[in-house]
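Overview (structure and organization)
Chain by chain, the residues run as shown.
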Amino acid sequence: MTRAHDDERLADVYQAGNEMPERSLEAWVRFIGSLANGPVTSVLDVGAGTGMFCAAMARWLPVSTAVGVEPSLAMVRCAVPGVHYVAGTAEQLPVASRAFDLALLSRVVHHLPDRRAAAAELVRVLRPGGTVVVRTTFRERLDALVYDYWPRLREIDSRRFPSRDEVVADLTAAGLSLTRETSFAQPVAADLREYRARMATAPLSKFAHLSPAEFADGLARMDRAGSRQPVEERYDVVAFTRRGMEHASART
């Protein structure tokens, strides 16, 4: 059976529906880079998806190595010079040990079947003092705009998404130290009409849990709202540092 993300048409939908303005993407990348515990010359994007963040980190961070690991390479749409994509999973990263200064898990932690195994792999591939950045929405802070128009998605995601304490416990148990937790928001669409056009293609995997009628009702509610305000998306961001960094100083 073909997985959904191996379907190139669906991968194109995912890419178009999850793009953000260039200024917002750059702001995210520079913010992620600021969380690193020292200079960043090599980055690893775990669960790279379309490759948007991996390509952006190669563009806006002073890195010489940028690698994206993605189970389904059919998803990759941001193939650019200087970025290498490899097929693999978070639990078995197909990269060398102690090779990276920064590892990013963007909107992927809730998909991991074994977070502790993934955390152990992150410890293996990071250099001492290296940084892991998790970009997600924790179960207790589900505040995405889509929940206003498809309320059942919040109930569904409350079962799918881990809590803050669960993620921290799993990563620290593997040998990572929590160094920073915050949230960060950036505009993703000029107004609700533009955002609605993206959502009409069902670019989020969570939409598969809705019936066609439920999905259409949400779009209709969005049409009636008609807000002209910019649409922002907020994410929880947690940074960890690899232990065993005798000559590195943790950033607080």
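A quick note: this is a predicted structure, and the numbers were derived from the prediction, not measured.

Quick notes on the overall build of the protein chain
Counting secondary structure elements, the protein chain contains nine helices and seven strands. Projected onto the principal axes, the alpha-carbon positions of the protein chain cover approximately 60 × 40 × 35 Å. Taking as baseline every contact in the protein chain between residues at least 6 positions apart, the subset at least 24 positions apart corresponds to 79%. Carbon and sulfur atoms form 51% of the exposed surface of the protein chain, whose accessible area is close to 11800 Å². On the protein chain, the mean spot of the 32 positive side-chain charges and the mean spot of the 31 negative ones are 2 Å from each other.

Notes on the pairing of strand E7 (residues 231–242)
Burial of E7 is extensive: nine of the twelve residues sit out of reach of the surface. When strand E5 (residues 126–136) meets E7, the two strands line up antiparallel, connected through six bridges. Bridge pairing in E7 links valine 132 to phenylalanine 240.

Side note on the packing of helix H2 (residues 22–34) against helix H3 (residues 52–60)
Contact geometry of H2 with H3 gives a least axis separation of 9 Å together with a crossing angle of 75°. If you check the angle between H2 and H3, you find them roughly perpendicular. Taking contact as the criterion, the partners of Glu22, Leu25, Glu26, Trp28, Val29, Arg30 and Ile32 in H2 are, on H3, Met52, Phe53, Ala56, Met57, Arg59 and Trp60. Among the residues making up the contact of H2 with H3, the classes are represented as nine nonpolar, no polar and four charged.

Things to note about the sheet that holds E5
The strand order across the open sheet formed by seven strands is E3-E2-E1-E4-E5-E7-E6, and the pairing between neighbours is mixed. Each end of this open sheet is capped by a strand with a single partner; those strands are strand E3 (83–87) and strand E6 (176–189). Pairwise comparison of adjacent strand axes, ignoring direction, gives a mean angle of 20° for this sheet. Pairing between strand E4 (residues 100–106) and E5: six bridges, direction parallel. Looking at the pairing, leucine 105 lines up with valine 134 of E5. Packed on one face of the sheet, helix H7 (residues 164–173) meets E5, E6 and E7 and runs near 135° to E6.

A few points about the nonpolar core
If you look at the biggest cluster of nonpolar residues, it comprises 52 residues, and the most contacted ones within it are Trp28, Phe53, Val146, Trp150, Tyr195 and Phe207. Per element, the largest residue contribution to this core is seven residues, and it comes from H3. Those residues in contact with tryptophan 28 that lie beyond four places of it in its chain are Met20, Phe53, Arg135, Phe184, Gln186, Tyr235 and Val237. Grouped together as the second largest cluster of nonpolar side chains are 30 residues, Leu44, Leu93, Val123 and Val132 included.

Here we look at helix H6 (residues 152–160)
Within H6, the full set of buried residues consists of Leu153, Ile156 and Asp157. Each buried residue of H6 sits inside an arc of 95° when the element is viewed along its axis, so together they form one side. At its buried positions, H6 is contacted by helix H5 (146–149).

A short note on the confidence of the model for the protein chain
Per-chain confidence: the protein chain averages 91 in pLDDT, with 90% of residues scoring 70 or above. Note on residues 1–6: pLDDT is under 50 here. Beyond four places in sequence and across chains, it has nine contacts. The low-confidence segment residues 245–252, where pLDDT is below 50, has 15 contacts with residues more than four positions distant or belonging to other chains.

Quick look at the packing of helix H4 (residues 115–125) against H7
Direction vectors running N to C along H4 and H7 enclose 45°, while the axes themselves pass 8 Å from each other. The angle between the axes of H4 and H7 places the two elements in the oblique class. Along this stretch, H4 crosses H7, giving a crossing that reads as right-handed. In this structure, H4 uses Arg115, Arg116 and Ala119 to contact H7, whose residues at the interface are Glu166, Val167, Ala169, Asp170, Leu171 and Ala173. By residue class, the composition of the contact of H4 with H7 is five nonpolar, no polar and four charged.

Observations concerning the pattern of salt bridges
Under the criterion given, the structure shown has 18 salt bridges. Among the ionic pairs, aspartate 101 bridges to arginine 127, the shortest N-O distance being 2.9 Å. In this pair, aspartate 101 is assigned in strand E4 and arginine 127 in strand E5, connecting sequence segments 26 residues apart. Residue classification places aspartate 101 among the buried residues on the basis of a relative accessible area of 13%. One salt bridge in this structure joins arginine 124 and glutamate 121, with 2.7 Å as the shortest N-O distance. With arginine 124 and glutamate 121 both in helix H4, this residue pair falls three residues apart, about one helical turn. Members of the salt-bridge network, linked through shared partners, are Arg141, Asp143, Arg234 and Asp236.

So, how was this worked out
- Residues numbered from 1 in each chain as written.
- Predicted model: local features only at pLDDT ≥ 70, side-chain atom pairs only at ≥ 80, totals over all residues.
- Heavy atoms only, no water.
- Helix = DSSP H or I, 4+ residues; strand = E, 2+ residues; numbered from the N terminus.
- Contact = heavy atoms within 4.5 Å.
- Areas by Shrake-Rupley, 256 points an atom, 1.4 Å probe, with all protein chains shown as cover.
- Lys, Arg positive; Asp, Glu negative; His and termini not counted.
- Charge placed at Lys NZ, Arg CZ, Asp CG, Glu CD.
- Buried < 20%, exposed > 50% of the residue type's maximum accessible area, 1.4 Å probe, protein only.
- Pairing = 2+ DSSP bridges.
- Axes fitted to C-alpha atoms, helices over the stretch in contact; angles between N-to-C directions.
- Parallel < 35°, antiparallel > 145°, perpendicular 65-115°, else oblique.
- Nonpolar A, V, L, I, M, F, W, Y, C, P; charged D, E, K, R; others polar.
- Core = buried A, V, L, I, M, F, W, Y, C linked by side-chain atoms within 4.5 Å.
- Arc of directions from axis to C-beta.
- pLDDT = per-residue confidence, 0-100.
- Left-handed = near helix turned anticlockwise from the far one by under 90°.
- Salt bridge = Lys/Arg side-chain N within 4 Å of Asp/Glu carboxyl O.

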